[in-house]
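The primary structure of each chain is shown beneath.
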Amino acid sequence: MNQTADVIIVGGGVTGLLTAIHLKVLGVDKVTVLERYHVGSGQSHRAAGIVRALVRHPLVARALAESIAFVKDFEQRFDDPILYHPSGYLLLTDLEQADAVNDSISAAAKAGCEARQIDAVEAQELQRGLREDDETLYVYEPGAIHLDPMPAVQAMARVAKRLGVKVIEGCEVGDILTHGGKVTGIESAQGRFEAPTTLIATSVWGAAQLARLGIEVPVYPHRAEMAFFHVPTTDDFRLSRIVSDARSMLYLRPEGDRQMFVGWREGDRVHGVDDMDDEEPDHYKQTADFERLAAMQRRLAVTLPPMDNGFVHRTYACVYDYTPDGMPVLDRADSVDGLYFALGFSGGGFSISPWVGRSMAQFIVDRKTPSQIEPFELKRFAEGKLIRWANVGKSASTEVDSD
Ligand SMILES: Cc1cc2nc3c(=O)[nH]c(=O)nc-3n(C[C@H](O)[C@H](O)[C@H](O)COP(=O)(O)OP(=O)(O)OC[C@H]3O[C@@H](n4cnc5c(N)ncnc54)[C@H](O)[C@@H]3O)c2cc1C
C-alpha cells in the first residue's frame, strides 16, 4: 500500500530538516522527510558551520540574526542541545571598504547583533598572531558562533522525529508525480508516497529534478575546496576566533584545539556563471587540488603569519549549489500546484537554514508567499532583480562580507 503524508520533503539536509521541524511547530500532522543516504550526507555535514550576521543586505542580516538566536535557544526550546562555540567573528578588510563595512555594521545592528570596528591592538588581543598593517580595517562581531555541522544535523533529526516527523533514510526519490497540474506524490526506492505538497530541498541535485517537470531554476554546481590546517607543533599558537580576510580571500575557524578549518571566500571569485567550476555533483575529486592547496597555505600565512610553520592536516572538496547572485531560490512552481523548492544556497545555506525552514513552513501552510521571502522568488532572475547582498560586482581583493 502507498504511504501518505500531508507534506513530503525530499532531502535530509539542514533545509529539509528545519522546514520539517517548523511544519510540526505550525501544527501540520503528517510530515515525511526522504533522504537518499543518511541525514546530513549532502553539503550539510561539510559546512564550516559559521553563523554570523555581519552582511550588508538588511534582510539577510535579519535572517542570520534569527539563525544565531535559533541555535542558541535550540536546547531550551526543544530539549536537545546543538553544541556551538561562541567564538566571535573577526573580519579583516581594506580601508577603502569603510562605507561597505559601516553599512554591514548598521544592518547587523538593526537585526539586533552587535558588530564594531576595532583597532589593531584589540584585534591582536582577540586573536594573537593576526596580520597587522596600516591598510587593514578590523571589524568584530562578538555574538557570532561556529559549530560542528554533523552533531547539529543529528540534533535536528532527533527533534524532528520526536515532534512526529517521519525521517526515512536510504530512500532515493525518483519521479515527482503530478496529475491535473497538481503534485500527487513521489516514486522512491521504498515505494510510492502520496501527498498534496512536496518540497524539493536537495541543493545541487534539485535543479535536475525540477527540470524533469519543465521547471528551470538557475542553480549550478560549483566545486569548492577546504583544508584543515594544524598549528605549528613548535609553539603554543592557537586559533580562537572565526576570521575572514578579504586580502587572503580565506575564512577560518578553530577545529578542536590545534587545528583550523580553512576555506576560500568563494564569493570573492564567483561573480557569475562563468566563474563557476562546473562539476558533476556525484562524481568529483574529493580532495583539494595540490596547486590550490599550496596557494591556500601561502595565503593562510598572510592572514596568520605564525601559520607559516603550520601544515595541512587533511582536505576535502564539495559541490555547492550556486545561483547567479549567490542567494537561494525559495519559491513554488507556477505550473505544478503544491510543489515547493528551496535550493541554490551558494555556500551559505547552513547559517540561514533556521530562517529558511521557518519561512518555507509558513509558505506551505499559508499557501501564500511570506513577505520576507518575496525577494528570493525564481522570477527575480528573469526580471533582472538580483539580490545584491555582498559580492556581486565588487573587485576580488576588496570584498568585505562573504564567506
Ligand atoms: C566546505 C563547505 C563549507 C561551508 N561552510 C558554510 C558555513 O560556514 N556557513 C554556511 O551557512 N554554509 C556553509 N556551507 C554551505 C552549507 O553547507 C550548505 O549551503 C547547506 O548545508 C545546504 O543544506 P541543504 O539542506 O539545502 O542541502 P544538503 O545538505 O546538500 O542536503 C540535500 C540532501 O538531499 C539529498 N538528496 C539529493 N537527491 C535526492 C533524492 N533524489 N532523493 C532523496 N534525497 C536526495 C542529498 O543526499 C542531501 O543529503 C559550506 C559548504 C561547504 C561545502
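In what follows, the accompanying structure is described. Predicted model only: the values in this text are computed from it and were never measured. (Residues numbered from 1 in each chain as written. Predicted model: local features only at pLDDT ≥ 70, side-chain atom pairs only at ≥ 80, totals over all residues.)

1. Comments concerning the overall build of the protein chain
- For the protein chain, the count of helices and strands is nine helices and 20 strands.
- For 403 residues, the compact-globule estimate of 2.2 N^0.38 gives 22 Å, and the protein chain sits close to it at 21 Å.
- Seen along its three principal axes, the alpha-carbon backbone of the protein chain occupies a region of about 65 × 40 × 40 Å.
- A buried classification covers 53% of the 403 residues belonging to the protein chain.
- Contacts in the protein chain between residues at least 24 apart in sequence constitute 76% of all its contacts with a sequence separation of at least 6. (Helix = DSSP H or I, 4+ residues; strand = E, 2+ residues; numbered from the N terminus. Rg over C-alpha atoms; globule rule 2.2 N^0.38 Å. Buried ≥ 20, exposed ≤ 12 C-beta atoms within 10 Å, placed from the backbone. Contact = placed C-beta atoms within 7 Å.)

2. So, the pairing of strand 15 (residues 242–245)
- Side chains I242 and S244 project from strand 15 onto one buried face, and the interleaved V243 and D245 project onto a second face that is buried too.
- For strand 5 (residues 89–94) and strand 15, the ladder comprises four bridges, and the chain directions are parallel. In the sheet register, Y89 faces strand 15, and the bridge partner there is I242.
- In this structure, strand 15 lies alongside strand 16 (residues 250–255), joined through three bridges in antiparallel fashion. Paired with V243 across the two strands is L252, which belongs to strand 16.
- Where strand 15 folds back on strand 16, the antiparallel hairpin that results is connected by four residues, among which M249 adopts a positive phi of roughly 65°. (Pairing = 2+ DSSP bridges.)

3. Points about the site of the ligand
- Taken together, 36 residues sit near the ligand, with G11, G13, G42, G349 and S351 positioned nearest.
- Elements with a contribution of two residues or more to the shell around the ligand: helix 1 (14–25), helix 6 (203–211), strand 14 (220–230) and helix 8 (349–366).
- Here the shell around the ligand is built from residues that sort into 15 nonpolar, 17 polar and four charged. (Near = placed C-beta within 6 Å. Nonpolar A, V, L, I, M, F, W, Y, C, P; charged D, E, K, R; others polar.)

4. As for the sheet that holds strand 1 (residues 3–4)
- Strand order in the open sheet formed by four strands is 1-12-11-10, and the pairing between neighbours is mixed. Each edge of the sheet is formed by a strand with only one pairing partner; in this case those strands are strand 1 and strand 10 (173–179).
- As judged from the two bridges shared by strand 1 and strand 12 (residues 191–194), these two strands associate in the parallel manner. Within strand 12, the residue paired with Q3 across the bridge is F193.

5. Section: the sheet that holds strand 13 (residues 197–200)
- The strand order 9-3-2-13-20-19 describes an open sheet built from six strands, whose pairing is mixed. Looking at which strands have only one partner, the edges of the open sheet turn out to be strand 9 (166–168) and strand 19 (329–332). Geometrically, the sheet is characterised by an average inter-axis angle of 15° between neighbouring strands, direction not taken into account.
- Across four bridges, strand 19 lies against strand 20 (residues 339–343) in antiparallel orientation. In the sheet register, L330 faces strand 20, and the bridge partner there is A342.
- Sheet contacts for helix 6: strand 13 and strand 20; angle to strand 20, the most-contacted strand, approximately 145°.
- Relative to strand 20, helix 8 is tilted by about 170°, and along the sheet it contacts strand 2 (7–10), strand 13, strand 19 and strand 20. (Axes fitted to C-alpha atoms, helices over the stretch in contact; angles between N-to-C directions.)

6. Some details on the nonpolar core
- Residues L17, A53, L64, M156, A160, L199 and V262 are the most contacted members of the largest nonpolar core, which totals 128 residues.
- The greatest single-element share of this core, amounting to nine residues, is contributed by helix 2 (residues 58–78).
- Among residues more than four places away in sequence, those in contact with A53 are A61, L64, A65, I68, A108, A111, C113 and E141. (Core = buried A, V, L, I, M, F, W, Y, C linked by C-beta atoms within 7 Å.)

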